[in-house]
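Here's the letter readout for the chains.
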Amino acid sequence: MATTLNELKQLLAERFQKGCQNGAEIIKENTPIDTQRLFETVRATDASINGSVVSCEIVLGGKELYGVRREQDIKKPVNYAKFVEMRYGFVRQSLGEVKQNIINNLEE
């Protein structure tokens, strides 16, 4: 039985991660672009299994990058996703579609 449960957890982790990766792409499509640094940092983490918990995160920022559209010769930390979200609400606007995409991947 333990093998079957572990296989189920692994399957859920894979599908959850795929849903989060697709969700990150949805958020990316709605990310305001200035230098394009924030856009370049939107991603899903690898799914992890810890006991009975399967987790995966969609992350914005947390890297240091050169600008793509402007400031191409300047490397800066991308630590301002919260402020861009407060101003534009691009993540909140995407949540319904992200949620549905994750659910669809789990139901496959």
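Since the structure is predicted, the reported quantities are computational estimates derived from the model, not experimental observations. (Residues numbered from 1 in each chain as written. Predicted model: local features only at pLDDT ≥ 70, side-chain atom pairs only at ≥ 80, totals over all residues. Heavy atoms only, no water.)

## Description of the overall build of the protein chain
Rules: Helix numbering and strand numbering both begin at the N terminus, where a helix is a DSSP run of H or I of at least 4 residues and a strand a DSSP run of E of at least 2. Here the radius of gyration uses the C-alpha set of atoms, whereas the globule reference equals 2.2 Å times the residue count to the power 0.38. Think of it in three bands: residues with accessible area under 20% of the maximum for their type are buried, residues over 50% are exposed, and the middle band is partly exposed, with areas taken using a 1.4 Å probe on protein chains only. Only heavy atoms matter for contacts: two residues are in contact if any of them lie within 4.5 Å across the pair. For the area figures, the Shrake-Rupley method with a 1.4 Å probe applies, and any residue is considered shielded solely by the protein chains shown.
A count of helical and extended segments in the protein chain gives four helices and six strands. Its helices and strands taken in sequence order, the protein chain reads α-α-β-β-β-β-β-β-α-α from the N to the C terminus. Taking 108 residues into account, the globule formula puts the C-alpha radius of gyration at 13 Å, and the protein chain, at 16 Å, lies well above it. Here the C-alpha coordinates of the protein chain stretch approximately 55 × 25 × 20 Å along the principal axes. Counting all 108 residues of the protein chain, 32% fall into the buried class. The long-range share in the protein chain, meaning contacts at least 24 apart out of those at least 6 apart in sequence, stands at 59%. When the accessible surface of the protein chain is summed, it comes to about 7100 Å², and 50% of that surface belongs to carbon and sulfur atoms.

## Some points on the side chain of Q36
Note the following rule: Identification of polar contacts relies on pairs of N or O atoms within 3.5 Å, with a donor-acceptor requirement for protein atoms, meaning one able to donate a hydrogen and the other able to accept it, and with residues adjacent in sequence counted only if both atoms are side-chain atoms.
Along the polypeptide, Q36 turns up in the loop between helix 1 (2–30) and helix 2 (37–41). Under the relative-accessibility criterion, Q36 is labelled buried at 13%. Side chain to side chain, Q36 and E40 meet in a polar contact 2.8 Å long. If we ignore the near neighbours within four places in the chain, the residues touching Q36 are V68 and R69.

## A word on the packing of aromatic side chains
Applicable threshold: The criterion for an aromatic pair is that two Phe, Tyr or Trp rings (for Trp, the six-membered ring) have centres within 6.5 Å, with stacked assigned to planes under 30 degrees apart, edge-to-face to planes over 60 apart and tilted to the rest. Lysine and arginine charges are scored as sitting over a ring when NZ or CZ, respectively, is within 6 Å of the ring centre and within 35 degrees of the ring normal.
Here the structure, examined in full by the defined rule, presents zero aromatic pairs. Its end group placed over the ring of F39, K28 keeps NZ or CZ at 5.0 Å from the ring centre.

## Topic: the nonpolar core
We count it as follows: For our purposes a nonpolar core is just a set of buried Ala, Val, Leu, Ile, Met, Phe, Trp, Tyr and Cys residues, chained together by side-chain atoms within 4.5 Å.
One finds C20, I27, L38 and F90 to be the most contacted residues of the largest nonpolar core, which totals 16 residues. Secondary-structure elements contributing two or more residues to this core are helix 1, helix 3 (81–88) and helix 4 (90–107). For this core, the leading source of residues is helix 1, giving five residues. For I27, the contacting residues outside a window of four places in its chain are V42, I58, L60, F90, V91, S94 and V98.

## Looking at helix 3
Rules: This arc is built from the directions going out from the helix axis to the C-beta atoms.
Residues of helix 3 that are buried include every one of A81, V84 and E85, and no others. Along the long axis of helix 3, the arc covered by the buried residues comes to 100°, so they all point the same way. Away from its buried face by more than 90 degrees, helix 3 exposes K82, F83, M86 and R87. Among the structural elements, helix 2 and helix 4 are those in contact with the buried residues of helix 3. G89, located one to two residues past helix 3, shows a positive phi value of around 65°.

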